[in-house]
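# Examining the three-dimensional arrangement
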Amino acid sequence: MPASAPSASSLSTSSPSTSSHDDRESSSGSGSGSGSGGSPAPEERDARPQYVLPLVVRVEKATPPGRTDALETSARAVLTLLSDPRVTEANGEWAEQVVAWEDARIRKVVRRARGGEWRRAGELPGVTVQGREAEVRVFPPIPLDGWPKDLAKLQVSGTDLEETAEPGAPEPGLPVLWLNPELEMSAGKTMAQTGHAAQLAWWRLDDAQRKEWAESGFALAVRTAAPEAWAELVRSGLPVVQDAGFTEIAPGSCTVIADHPALR
């Protein structure tokens, strides 16, 4: 599934007035995005300039994407940004923005667009990632109050999608982002969460493992865990996303667990 035109991504929380998905990721043992050192204390991160990673999903009235495909494509979009040379190279065009974003609260906001809105969003610097049906464009992190006008006016709340096909069991050996079976979240909210989980897995991998995943097109699956399996996953030590609780669910809720075979 190819990606076109570059972009960036982020995990973060934003002020409730933006109606964004305000999510905080956490994972025992997860380091910084560069893989160096540990995460700073929450109060230290809060004191730093805050950035947000914008993602836009294309939702045309007549042909909306399937829910699971959108969730998977959102996660792949975040990984595509994190692996982009404009982020990974020392003098990369987006490197400083991503470092600043990762040094503060990791925020992601998912908005939806169609028609002319989608075309205008595509003219801004970023990367569009194509799923089976879904298209998601990710943009370099921006200051919390610095949204470009063509993104700021896009809808945030109420982004929900239906399945267009039965997801089925994930292929053996495929990284899986497991959703908490006890939580109900909109598609937009869940897209931010799967992006968080993919980023946490990326941080845990070494360079060779990252390269292998990138060469597969960041193949992954998103599925809802069975209740008995979820309890085991929570105890597994795999990366787990915890929500800050600004929208839809209670603070501290565990939303997604990133089950990458290399982390087992």
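Note: the structure precedes this text.
Conventions we followed
Residues numbered from 1 in each chain as written. Predicted model: local features only at pLDDT ≥ 70, side-chain atom pairs only at ≥ 80, totals over all residues. Heavy atoms only, no water. Phe/Tyr/Trp six-rings, centres within 6.5 Å; stacked < 30°, edge-to-face > 60°. Helix = DSSP H or I, 4+ residues; strand = E, 2+ residues; numbered from the N terminus. Buried < 20%, exposed > 50% of the residue type's maximum accessible area, 1.4 Å probe, protein only. Salt bridge = Lys/Arg side-chain N within 4 Å of Asp/Glu carboxyl O. Polar contact = N/O pair within 3.5 Å; in protein donor to acceptor, adjacent residues only side chain to side chain. Contact = heavy atoms within 4.5 Å. Pairing = 2+ DSSP bridges.

Applying the stated criterion across every chain yields a total of two aromatic pairs. Ring centres of W202 and F218 lie 5.8 Å apart, and the angle between their planes is 70 degrees; this geometry places the pair in the edge-to-face category. One end of the pair, W202, is in helix α7 (residues 187-204); the other, F218, is in the loop between α8 (207-215) and β9 (221-224), and 16 residues separate them in sequence. For the pair formed by W202 and F218, the shared burial category is buried.

Under the definition given, this model contains 13 salt bridges. The closest approach of N and O atoms between R67 and D160, which form a salt bridge, is 2.8 Å. On the criterion of sequence distance, the pair formed by R67 in helix α2 (residues 67-82) and D160 in the loop between α6 (149-152) and β8 (176-179) is long-range, its members being 93 residues apart. Assessed through its relative accessible area of 47%, D160 is described here as partly exposed. Residue E72 pairs with R223 through a salt bridge whose shortest N-O separation is 3.1 Å.

Below, the discussion takes up the side chain of T255. Tracing the chain through its elements places T255 in strand β11 (residues 254-259). Judged by relative accessible area, T255 falls into the buried class, the value being 0%. Side chain to side chain, T255 and Q193 meet in a polar contact 2.4 Å long. Not counting the four nearest positions on each side in its chain, T255 is found in contact with W178, L179, N180, L183, M185, Q193, W230, V241, D243 and I249.

Attention now moves to the pairing of β8. Because side chains alternate across β8, one face comprises the buried residues V176 and W178, and the other comprises L177 and L179, equally buried. Pairing analysis gives four bridges linking β8 to β9, with the strands arranged parallel. When the sheet's bridge partners are listed, L179 is paired in β9 with T224. Bridge analysis of β8 against β11 gives four bridges, and the strand direction is antiparallel. Looking at the pairing, V176 lines up with D259 of β11.

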